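Survey of secondary and tertiary structure
Chain by chain, the residues:
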Amino acid sequence: MREMKWLGLVAGVLLVLCPWKAALAQKLGPIKIGLSQIASGPNADYWNRQVNGPALLAIKDANEHGGVNGRKVVGILDDNQGSATIGAEVAQKLIQINKVNMIFVAPTPPALATLPIAGEAHVPVISTSISPKIAESPWGALAQPPANRQGLAYAKFVIAHH
């Protein structure tokens, strides 16, 4: 009987909190992800098929499944042209104008240029760059192992198999 009272209490709390969670998600607004990527020039076709398209598709899929904790996800793609200079400009725009919650940036030159700007604004950065410098920042994260760890792993594999 005592367990039934607790179960009823928990169920009641959940019923009260569920609408509150949805209301809070609406009040907080969407989660904005800045995509600072190559979108023009000689590498654009590859980048659009291998990076930009899949990222935007993942965002669409997340939204079709209720978003993240009830919040819609918005992807804002901006062309960094693979340039550190343009990457820094894109970072400023994404942070100051678009008010993004995080930035997904590649390749390495714009990623390294973005990191201090995003760090100053307390905006997390994730990158497919292989530069270990990204992970040295408290605001940076790598989506794959850095070059120094990849090289070591490849060397160990070659030594072990030859």
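Look up: the structure comes first, before these words.
Notes on the structure follow. In this text, all values refer to a predicted model and were calculated from it rather than measured experimentally.

**Concerning helix H3 (residues 84-96)**
- Between its first and last C-alpha, H3 extends 18 Å over 13 residues, near the 18 Å set by a 1.5 Å rise per residue.
- Buried positions along H3 lie against strand S1 (31-37), strand S2 (73-79), strand S3 (102-105) and helix H4 (108-120).
- Residue Ser83 occupies the N-cap position of H3, its side-chain oxygen lying 3.2 Å from the main-chain nitrogen of Thr85.

**Details of the nonpolar core**
- Counting residues in each nonpolar core, the largest one holds 15 residues, and the members touching the most others are Leu94, Ile95, Val100, Ile103 and Val123.
- Those elements that provide at least two residues to this core are H3, S3 and H4.

**Re the pairing of S1**
- When you tally the buried positions in S1, you get six out of seven residues, the bulk of the element.
- Strand direction decides the pairing type here: S1 and S2, joined by seven bridges, are parallel. Pairing of Gln37 across the sheet is with Asp79, part of S2.
- Pairing of S1 with S3, which is carried by four bridges, proceeds in the parallel orientation. Paired with Leu35 across the strands is Phe104, a residue of S3.

**Section: the pattern of salt bridges**
- All chains considered together, the criterion is met by three salt bridges.
- For the salt bridge of Asp45 with Arg49, the shortest nitrogen-to-oxygen distance reads 3.0 Å. Taken together, the residues span about one helical turn, with Asp45 and Arg49 both in helix H2 (residues 44-64) at a distance of four residues.
- With a shortest N-O distance of 4.0 Å, Lys60 and Glu64 are connected by a salt bridge. Remark: Glu64 and Lys60 occur in helix H2; sequence separation between them is four residues, near one turn of the helix.
- Residue Lys60 is classed as partly exposed on the basis of its relative accessible area of 48%.
- Judged by relative accessible area, which is 55%, Glu64 ranks as exposed.

Criteria and cut-off values
- Residues numbered from 1 in each chain as written.
- Predicted model: local features only at pLDDT ≥ 70, side-chain atom pairs only at ≥ 80, totals over all residues.
- Heavy atoms only, no water.
- Helix = DSSP H or I, 4+ residues; strand = E, 2+ residues; numbered from the N terminus.
- Expected span 1.5 Å × (residues − 1).
- Contact = heavy atoms within 4.5 Å.
- Polar contact = N/O pair within 3.5 Å; in protein donor to acceptor, adjacent residues only side chain to side chain.
- Core = buried A, V, L, I, M, F, W, Y, C linked by side-chain atoms within 4.5 Å.
- Buried < 20%, exposed > 50% of the residue type's maximum accessible area, 1.4 Å probe, protein only.
- Pairing = 2+ DSSP bridges.
- Salt bridge = Lys/Arg side-chain N within 4 Å of Asp/Glu carboxyl O.

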